[in-house]
Amino acid sequence: RSQVPKDPTQRWLQELTALSQHLQQVHPNVLAKILKQRTVYQNEEIVVIDKPYGLPVHGGPGIKNCIADVLPILAKMLENMKADPLHLCHRLDKETTGVMVLARSKEAADKIRLLFKTRQVEKTYWAIVLGDPDPVEGVVEIPIVEKEVKSHQSHYKMTLAPNYRLCPEDGKVMRIRKNRNAESAVTRYRRLASASACSLLELQPITGVKHQIRVHLAYGLGCPILGDHKYSHWSKLAPQKLPELILRRLKLQQSKARHLPLHLHAHRLCLPLGQPLDFVCKPPLFFQKTLRKLELDIPKD
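Residues numbered from 1 in each chain as written. Predicted model: local features only at pLDDT ≥ 70, side-chain atom pairs only at ≥ 80, totals over all residues. Heavy atoms only, no water.

Undergrad: When you look at the domain arrangement of the protein chain in this model, what are you seeing that I'm missing?
TA: Accessible area lost upon the coming together of the parts is a frequently used measure of interface size. Each assigned domain of the protein chain is listed with its residue range as follows: domain 1 (1-118) and domain 2 (120-268 + 286-291). For domain 1 and domain 2, the distance between their C-alpha centres works out to 25 Å. Contacts between the two partners involve 18 residues from domain 1, matched on the other side by 23 residues from domain 2. Between domain 1 and domain 2, the buried area comes to about 1,800 Å², and carbon and sulfur atoms account for 60% of it. Taken together, the connections running from domain 1 to domain 2 amount to one salt bridge. Between Asp-93 and Arg-214 there is a salt bridge, with its nearest N and O atoms 3.1 Å apart. Applying the counting rule to domain 1 against domain 2 returns eight residue pairs in polar contact (both at pLDDT 80 or more). Contributions of two or more residues to the side of domain 1 that touches domain 2 are made by helix H1 (8-25), strand S4 (97-103) and helix H4 (106-117). It is H1 that provides the largest number of residues to the side of domain 1 that touches domain 2, a total of six residues. Along the lines of polarity and charge, the residues of the side of domain 1 that touches domain 2 split into eight nonpolar, seven polar and three charged. (Domains from an automatic or database assignment. Contact = heavy atoms within 4.5 Å. Buried area = accessible area lost by both parts, 1.4 Å probe. Salt bridge = Lys/Arg side-chain N within 4 Å of Asp/Glu carboxyl O. Polar contact = N/O pair within 3.5 Å; in protein donor to acceptor, adjacent residues only side chain to side chain. Helix = DSSP H or I, 4+ residues; strand = E, 2+ residues; numbered from the N terminus. Nonpolar A, V, L, I, M, F, W, Y, C, P; charged D, E, K, R; others polar.)

Here it is as structure tokens:
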């Protein structure tokens, strides 16, 4: 066993990393059981879970466990006795926590996917970000495209592909040719609290482009999400650089910043299935602890 650090912050970060690795190593039956315990709602059509941190929705290289793989086991564990596997309706990033809807039948899944596609599902996220957005509320409406970043380690990232730029001669806004591969992306945001060189934002993605919230916050507003090591820089794959005040409040050394988890949480989801169904998941413990340490006041719902 590795040494358990005496420093509570280091211990806490180590526990989180361990938790994420643990979810990757447990037997699929155990993972299904964890998801069963995290069920917040079920009826004959859907099952809603509170997705844990660090658990991917889909499999991929190096991924042993993911939500998709244990859906047949989870279906058997729930009180519907029918052994139809559950179906995914939408996705959340591996690091994102919170409300996730699963469907009990293919018909229900198709119906719900259509609701997502036609933007009839209201999704609200919470994120702790570096800095303060200016203005404190608004809409980021900038298309997003995937690009290869040429650096010593080449990698792919989503990035902004604006349709406008400032003309260098007179500073006037001019329209530029649209990037053919760019997807339109719209994110509403408002600040709920700010302190310690950070803010707590409430976000509503109107569209559903991959990594949209992370890209819009980091590159559109210049306020990357705390713990977003991928989108805090453009060209390098390096841990996020944190301001002194945040490091002090979190009792963290910059060299350990890479262990800081992504603070993005799917807080609420409203699904118009017959009558509107409204689901809320409290942020995970690590998120709540960070809010406390940074003295960001949690809004009372």
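There's plenty left to go through after this.
Undergrad: Whenever I open this one, the side chain of His-211 confuses me. Can you help?
TA: Its place among the elements puts His-211 in the loop between strand S12 (198-205) and helix H5 (212-220). Setting aside anything within four residues of it in sequence, one finds His-211 in contact with Asp-93, Met-158, Lys-230 and Tyr-231.

Undergrad: Would you mind going over helix H2 (residues 28-37) with me for this structure?
TA: Given 3.6 residues per helical turn, the α-helix brings residues three or four places apart onto the same face. Taken together, the buried positions of H2 are Leu-31, Ala-32, Ile-34 and Leu-35. Projected down its long axis, H2 carries its buried residues within an arc of 155 degrees, all on one side. Looking at H2, the residues exposed on the side facing more than 90 degrees away from the buried face are Lys-33 and Gln-37. (Buried < 20%, exposed > 50% of the residue type's maximum accessible area, 1.4 Å probe, protein only. Arc of directions from axis to C-beta.)

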